[in-house]
Amino acid sequence: MLLPAAALACGSLLALNLTHLSLPLWATLAVLGLALRKPAGTCLAFLSLGVLAAVLRLDLPEKPFQGIDLDRPVEAVVRVSGHWIPDRDEDGGWSSSARLLRVIQDRQVAEPPIDLILRLPGLEDPPYYGTTLRVKGHITRSAGFANRAAVPPGPWRLRVKSRLLIDLEAPPGRVAHLSGSLRRRMDRAYRAAGPESEADHQGKALARALVLGDASGLPLPWKRGLRVTGIYHLMSVSGVHVAFVAGAVWLLAGWLPRSVRLLLMLSAIALYLLLVGPLPPLVRSAVMGLLAVLALLAERPPSALNGLAWAVILLVLESPGIVQQLSFQLTVSATAGLLLLTPSLARRWHPFLPLWLSGSLAASVAAQLATIPWALPRFYNLSLLAPLLNLVAVPWTGLVLGFSLVWTAIALICPGLAGFLLPVLDLLAAPFSWPANLRPEPWLTFPLLLSPWAAWALATGLGLLLFVRPRRLLARCGVLTAGLLCTGACLWNPIAAGRDRGPELAMLDVGQGDSILLRDGGRAILVDGGGWDSGDLGGRVLLPALLAEGVRKLDAVVMTHPDQDHCGGLIDIAGYLPVSEVWMGPGWESEDCVERLTGLPGIRTRILSKGDEVTLGRWRLTVLHPESDEHRGTNERSLVLRAQVFGRSFLLTGDIESWAEMRLVSCCERQVRVDVLKVAHHGSKTSSSESFLDASRPRLALISAGVNNLYHHPSPVVLDRLWDHDVRILRTNRHGMVLIRIEKGGRLQIETPGTPRDAK
């Protein structure tokens, strides 16, 4: 059943990426495939069935919000399709996945069959899982990031400002009500069992991640370190958890007849699925576990591959859009790799390694190889040591998971005792913080930007090198050559890119923030890095943007001032690429963002003030502001750099406002005059005064601002001033990333390699 199941999933994925679909054509292909009565015909029939399931279940390829103005509030009917996760911001609230059933605005009604994230305010318990709600709120979606390596828009979100805007449309079914009740009881037990996790004491947050699949409470540096080292998959609730639950029931019920014990195992797996919710990895594992137990009850030998196939078929038929979810892709491919590739690799390595080591290492390598086509284009990291690290990390995670399950049971019965045991849980959780303290050196993680097709080719090349060994010498040499060529072709361009490029300045699209790359050949610095209050901008936006420009390490990151939209991304990117130094102005040492930035492992700090000069390849950088003893507000103390190369000059102004601009005009009028001006404070009307523009006289102005940002940057007043001074304007919210190449004669080549877009 594995090939037909794969064909079914491919059919749904194909339908979701086609702009035109013909139902009669695919129905005819399905009938013809069944009529062939051969394996190829069966696969064709299942491929067509996958297309038809996606079309009929999702009403493809209609536009989801045709006729709806998303700039205005809407009335929406949604069904809660996941368990609630508490928001960990200052305002509190709850978030859950939900199915959008209907949208109403004025007289327009749309029924877009999409999944979104529903966010409700308040600390009181949210509605039960499975409840259908009628709510009033705003449907939004991040615009994506238009760098050379474009980042697609984020998930749809529905935000409700008040519980008064929520009405019950329909209660949950009995099974959903039971699932919601179990989860609510579990959430209350966790809250009652001692203090919440903070700093280095993350035992409760880790237990929640391992037992319930909710890793939102873990610190971002922990997640980043686990992702860089290739062991973040340990935070996924999957087969290990099902095996633990089923095994515990089997052992505890050892005095009962075999059939009764198997039935209890079935009940335990189903109960655990109700508790955690319909996460794709857990559903896949639960279906495989249930089928294995049913096979044993029927006294039939269980088939893991057929179990995987039926799990895929049931998941895709229930929700065809699941094929686009990364968690589904990773859990299915990893399991297939374990079942199909591990035995062959273990047999090959057994003569050279002990049996236990050859099997464990083969399983780790097989799973990583099978997930490369999905994980590498999304996470941009190939962890070379992951197979070896898994040999230690997987057993330790199993130990912590076992204790976490016991601790969770104690929390349900006696929260006070669970709180007393929290220090033990914190101690067991401590090793998961160790990867966050490692520098992202090439021997640990290899940053790599590949397209999905190139990632498939790389996995194919590595598979040829590892698995294919023909008996004939000539055929073996041909296979090895093909594997080397395939692997080398995929790796050569990303590794060699950018080495021979001359001086460049790139204003990266980081949304509402600043980030400017200065580079010359293999030398590069990043001036500011944008930043989010929550989430990993470095891994999602900065890392692919820098890799697309051929930057694999940074000589320095420059923090103009410690606001989150300038400093936060620098911390993020330092977890993925080697950074040698941090440059910043004086007086920021006590700021929270600065402490986290300068506390990163192996990074030196350099304090710059007015008059300092530094070089980067052929770039010469002069600090114009602030003074070493400056004590004004945060924005006014932004580091201001004048960058020169080949007779061309650029002024990088951070977020300075009118006072700092006047001071620059009075003290450094000649140095302020430049060819290209990075407009201060995202084009705010508090900056870019008439006198400053008269003194700088730029030919080109660069503005970094987010699409439809809440601050309405850039200000129309500033745009009018720039137009009055005959300055050409390029802005990230209209043009995406802006790249300026400087040739030896001083000629500027300007590119906007990001995805073009229309924005307000």
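Source: prediction; values computed, not measured. (Residues numbered from 1 in each chain as written. Predicted model: local features only at pLDDT ≥ 70, side-chain atom pairs only at ≥ 80, totals over all residues. Heavy atoms only, no water.)

Caption draft 1: Here's a closer look at the overall build of the protein chain. Broken down by element type, the protein chain carries 26 helices and 25 strands. For a compact globule of 760 residues, the expected C-alpha radius of gyration is about 27 Å, and the protein chain comes in at 28 Å, within 12% of that figure. The C-alpha extent of the protein chain, read off along each of the three principal axes, is 90 × 75 × 65 Å. The buried share among the 760 residues of the protein chain stands at 51%. A sequence separation of at least 24 residues applies to 69% of the contacts in the protein chain between residues at least 6 apart. Element-wise, carbon and sulfur atoms account for 61% of the exposed surface of the protein chain, whose accessible area totals about 34,600 Å². Charged side chains in the protein chain number 75 positive and 62 negative. The centres of these two groups are separated by 11 Å. (Helix = DSSP H or I, 4+ residues; strand = E, 2+ residues; numbered from the N terminus. Rg over C-alpha atoms; globule rule 2.2 N^0.38 Å. Buried < 20%, exposed > 50% of the residue type's maximum accessible area, 1.4 Å probe, protein only. Contact = heavy atoms within 4.5 Å. Areas by Shrake-Rupley, 256 points an atom, 1.4 Å probe, with all protein chains shown as cover. Lys, Arg positive; Asp, Glu negative; His and termini not counted. Charge placed at Lys NZ, Arg CZ, Asp CG, Glu CD.)

Caption draft 2: Spotlight on the packing of helix α4 (residues 174-192) against helix α14 (residues 386-413). Look at α4 against α14: their axes get within 8 Å of each other, and the N-to-C directions meet at 90°. By the angle between their axes, α4 is roughly perpendicular relative to α14. In this structure, α4 uses Arg 185, Met 186, Ala 189 and Tyr 190 to contact α14, whose residues at the interface are Trp 407, Thr 408, Ala 411 and Leu 412. Counted by class, the contact of α4 with α14 contains 6 nonpolar, 1 polar and 1 charged residues. (Axes fitted to C-alpha atoms, helices over the stretch in contact; angles between N-to-C directions. Parallel < 35°, antiparallel > 145°, perpendicular 65-115°, else oblique. Nonpolar A, V, L, I, M, F, W, Y, C, P; charged D, E, K, R; others polar.)

Caption draft 3: Local environment of the packing of aromatic side chains. For the structure on display, the rule yields 5 aromatic pairs. Each ring, one from Tyr 190 and one from Trp 407, has its centre 5.4 Å from the other, and the planes form 70°; the classification is edge-to-face. Of this pair, Tyr 190 sits in helix α4 while Trp 407 is found in helix α14, placing the two residues 217 residues apart along the sequence. In this structure Trp 407 comes out as buried when scored by relative accessible area, which is 1%. The ring of Tyr 128 has Arg 184 sitting right over it, with the charged end atom 4.3 Å from the ring centre. The cationic tip of Arg 208 hangs over the ring face of Tyr 190; the distance from NZ or CZ to the ring centre is 5.8 Å. (Phe/Tyr/Trp six-rings, centres within 6.5 Å; stacked < 30°, edge-to-face > 60°. Lys NZ or Arg CZ within 6 Å of the ring centre and 35° of its normal.)

Caption draft 4: Up close: the sheet that holds strand β24 (residues 738-742). Spatially, the 8 strands line up as an open sheet ordered β16-β15-β14-β13-β12-β11-β24-β25, and their pairing is mixed. Each edge of the open sheet is held by one strand with a lone partner, namely β16 (604-607) and β25 (748-751). For this sheet, the mean angle separating the axes of adjacent strands, direction not counted, is 20°. Relative to β25, β24 is paired through 4 bridges, and the arrangement is antiparallel. Considered in β25, the bridge of Ile 740 is made with Ile 750. (Pairing = 2+ DSSP bridges.)

Caption draft 5: Spatial organisation of a negative patch on the surface. Where like charges cluster on the molecular surface, the negative patch consists of Glu 690, Asp 694, Asp 720, Asp 724 and Asp 726. Those elements that place two or more of their residues in the negative patch are α24 (690-696) and α25 (716-724). Among the structural elements, Asp 694 can be located in helix α24. Given a relative accessible area of 43%, Asp 694 falls into the partly exposed group. (Patch = residues over 30% accessible without salt bridge, like charges linked within 9 Å, V, L, I, M, F, W, Y side chains within 5 Å. Salt bridge = Lys/Arg side-chain N within 4 Å of Asp/Glu carboxyl O.)

Caption draft 6: Focus on the nonpolar core. Grouped together as the largest cluster of nonpolar side chains are 45 residues, with contacts concentrated most on Tyr 190, Leu 206, Leu 218, Met 235, Tyr 272, Trp 407 and Phe 432. Looking at this core, the elements with two or more residues in it are α4, α5 (203-212), α6 (220-228), α7 (239-252), α8 (258-276), α9 (280-297), α14 and α16 (422-429). Among the elements that take part in this core, α8 stands out by supplying 8 residues, more than any other. Tyr 190 has contacts with Glu 196, Lys 204, Ala 207, Arg 208, Val 211, Leu 212, Trp 407 and Thr 408, leaving out every residue within four places of it along the chain. Core analysis: the next-biggest nonpolar cluster, separate from the first, contains 40 residues, Val 510, Ile 571, Val 579 and Leu 600 among them. (Core = buried A, V, L, I, M, F, W, Y, C linked by side-chain atoms within 4.5 Å.)

Caption draft 7: Representation of the state of the cysteines in the model. Under the defined criterion, the tally for this structure stands at 1 disulfide. With its sulfur 2.0 Å from that of its partner, Cys 567 forms a disulfide with Cys 593. Classification of the bridge connecting Cys 567 and Cys 593 rests on its S-S torsion, roughly -100°, and on that basis the disulfide is left-handed. Taken together, the residues Cys 567 in helix α20 (residues 564-573) and Cys 593 in helix α21 (residues 592-598) connect sequence positions 26 residues apart. Like Cys 567, the residue Cys 593 is buried in the burial classification. (Disulfide = S-S within 2.5 Å.)

Caption draft 8: Summary view of the pairing of strand β5 (residues 114-120). By the criterion of burial, β5 is predominantly enclosed, with 5 of the 7 residues buried. Relative to β5, strand β3 (residues 94-105) is paired through 7 bridges, and the arrangement is antiparallel. For Ser 95, the partnering residue across the bridge sits in β5 and is Arg 119.

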